[in-house]
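In case you want the letters, here they are:
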Amino acid sequence: MSTLILLALTGLGLGALYFLIASGLSLIFGLMDVLNFAHGALVTAGAYAAWRLTGHLPFVLAVAVAVAVGAALAAAIETVLIRPLYSRPKDQILVTVGLGLALPALVQGIWGADARQLKAPRQLTGTVGLLGANIPTDRFVLIAAALVVLAGLKLFLARTRYGLVVRAGVEDRAMVTALGVDVRRAFTLVFAIGGALAGLAGALGGLYFGSVSPNQGTSLLVFGFVVVVIGGLGRTDGVALAAAAVGLIQQFTNYYAASGLGDLAVVAILAVVLLARGNREGFERLVRRTA
Amino acid sequence: MILELDDVRVTLGGSQILQGVSFTVARAGVTALLGRNGVGKTTTVKAVLGLVPRTGAIRFDGEGLHRLRTHEIVRRGIGYAPEDRGVFAKLTVTENLALAERRGAGHAYDLVYELFPELKTRGAQAAGTLSGGQQQMVAIARTLLNDNRLIVVDEPTKGLAPKVVTEVAEVLERAAERVPMLLVEQNLALVRRLAGDGVVLAAGQVVHRGPVRDLLADTELTQKLLGVGKAA
């Protein structure tokens, strides 16, 4: 029983991390048709910002700076590099792929390829007893952060003018502009929100794994994309459920089948979901975009 | 003239859709844009709104629109109800209307709900679950919400039942009393009822301009330009 609880909460913690990454990706792709391969680099940037600042600042402030770094980088990328390429999707993909490679390489050039230990405060590195299992505290931190982000995103989408523009833009971007709305502002905002969540994922990923490394973000990005495809483009609830499912499947498969099979299981689930549930539209959109 | 098009050309996917379209829209009443299917009527409307790349001059109330982006053109005071209605299916009726609200002057919800009382009672309903006629009402309501100086309505009765067509016609008639309108329409009975001036396109060019009554009274000309023997 205690093993089940530990696996479940560890899986949900990992799922929470995936959600933080995937929710931004999903919003960005849903509204802007941009496949942001640089999203993983933003996760890395957030992770290193948090790593550099822990010890100098309270952990909460270090995380806040990581969020700000992610948001600022994303907004800069959107306005300087992506915006001129909206009518050139292939060039756009090349730019984000290039950034996705260059930024981690830059981080590696400055701080080296080795993983760096993130010195989190003691309150977050211990364990909590739950039904006989000792659960690392960071799992609860990640799950709580993901729930707060989920609630915040839902409020943003449902209650704000920009949220309305985003939901409408996911359906028909051209028509939103034909109603007199400057969609570009919504683009920058959505990119910045995605970047902020990537920065948060980087900092909390450092807490979860205990360390940060240059390619951590890129590795997590793969699962972020899987979650987006399973959960649905621009569908926050779907992405949250998919993220939880992917995290749980990975953990349980790794423990009960064989270590490493978890990743394969996730890919298998992706294939089954695409075939069975008919999320083909989103998949075809992704394929068209990359073809 | 509220709107002037001068030698407007549009090329899409290698095909020249508009080959130098020139006409004007009067400051009052309805100007009908007519022609058979595929002659470039919708493309003309999209060119005005900057929804397709175009060359040539388009002036709205004397101001050139060429360098402006779509949202800037619309904010100059143009309301647009597109051919496919452009209703956001997953948004509620109220949200569809709210999205069209522009900053500045107040929004004419009183007028909109007077013309379309159903939109008030169905405010919380997802627009995608409305009938075609109701969706058209949402599309037209959005153009009336702001203080527009021109409204552009593309095939508002397409695919609607005859009873609903009559309702739409009544609404358009009332709207036209307030604001000039550029109307793309195939239903000639509706055109006869609403429009003063008519512009006929064929193969991406203007082939006829003049009062709609004169055009529709001339059976031979109507047959030649619009492909119908007798105006309905």
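Being a predicted model, the structure only gives us computed values, none of them experimental.

### As for the overall build of chain A
Now for step 1: The helix and strand tally for chain A stands at 13 helices and four strands.
Now for step 2: Computed over the C-alpha atoms, the radius of gyration of chain A is 19 Å, within 12% of the 19 Å expected from 2.2 N^0.38 for a compact globule of 291 residues.
Now for step 3: For chain A, the C-alpha atoms occupy an extent of roughly 60 × 45 × 35 Å along the three principal directions.
Now for step 4: The contacts in chain A between residues at least 6 apart in sequence include a share of 76% that link residues at least 24 apart.

### Section: unusual backbone geometry
Residues and elements named next belong to chain A.
Now for step 1: Phi is positive for Leu131, close to 50°, though the residue is something other than glycine.
Now for step 2: Of note, Leu131 is situated in the loop between β2 (127-130) and β3 (133-136).
Now for step 3: In this structure Leu131 comes out as exposed when scored by C-beta crowding, with 10 C-beta atoms within 10 Å.

### Quick look at the sheet that holds strand β10 (residues 205-211) of chain B
Residue and element names in this part refer to chain B.
Now for step 1: Across the sheet, which stays open at both edges, the six strands sit in the order β6-β7-β8-β3-β9-β10 with mixed pairing between neighbours. Either end of the sheet is taken by a strand with one partner, and the two such strands are β6 (78-81) and β10. Adjacent strand axes in the sheet meet at a mean angle of 15° when their direction is disregarded.
Now for step 2: In this sheet, strand β9 (residues 195-202) lies alongside strand β3 (residues 30-34) in parallel orientation, the contact comprising five bridges. Note on β9: the bridge partner recorded for Ala32 is Gly198.
Now for step 3: Against the sheet, helix α6 (residues 132-145) engages β6 and β7 (150-154), with an angle of about 175° to β6.

### Thoughts on the UniProt feature "transmembrane region" (unreviewed entry) in chain A
Residue and element names in this part refer to chain A.
Now for step 1: As annotated in UniProt, the feature "transmembrane region" (unreviewed entry) corresponds to residues 56-81, 93-111, 140-157, 186-209, 221-248 and 255-276 in the numbering used here.
Now for step 2: For residues 186-209, the helix share is 100%, the strand share is 0%, and the end-to-end C-alpha distance is 34 Å.
Now for step 3: As annotated, residues 255-276 has a helix share of 82% and a strand share of 0%, and its two end C-alpha atoms lie 27 Å apart.

### A few points about the sheet that holds strand β2 (residues 15-25) of chain B
Residues and elements named next belong to chain B.
Now for step 1: Across the sheet, which stays open at both edges, the four strands sit in the order β2-β1-β4-β5 with antiparallel pairing between neighbours. For this open sheet the edge positions go to β2 and β5 (63-64), each flanked by a neighbour on one side alone.
Now for step 2: Judged from the two bridges that link them, strand β4 (residues 55-60) and β5 form a sheet pairing that is antiparallel. Bridge pairing in β5 places Arg59 opposite Gly64.
Now for step 3: Here helix α1 (residues 41-49) sits on the sheet in contact with β1 (3-12), β2 and β4, set at roughly 70° to β2.

What counts and what doesn't
Residues numbered from 1 in each chain as written. Chains lettered and ligands numbered in written order. Predicted model: local features only at pLDDT ≥ 70, side-chain atom pairs only at ≥ 80, totals over all residues. Helix = DSSP H or I, 4+ residues; strand = E, 2+ residues; numbered from the N terminus. Rg over C-alpha atoms; globule rule 2.2 N^0.38 Å. Contact = placed C-beta atoms within 7 Å. Buried ≥ 20, exposed ≤ 12 C-beta atoms within 10 Å, placed from the backbone. Pairing = 2+ DSSP bridges. Axes fitted to C-alpha atoms, helices over the stretch in contact; angles between N-to-C directions. UniProt positions renumbered as here; feature names shortened; annotations may be inferred.

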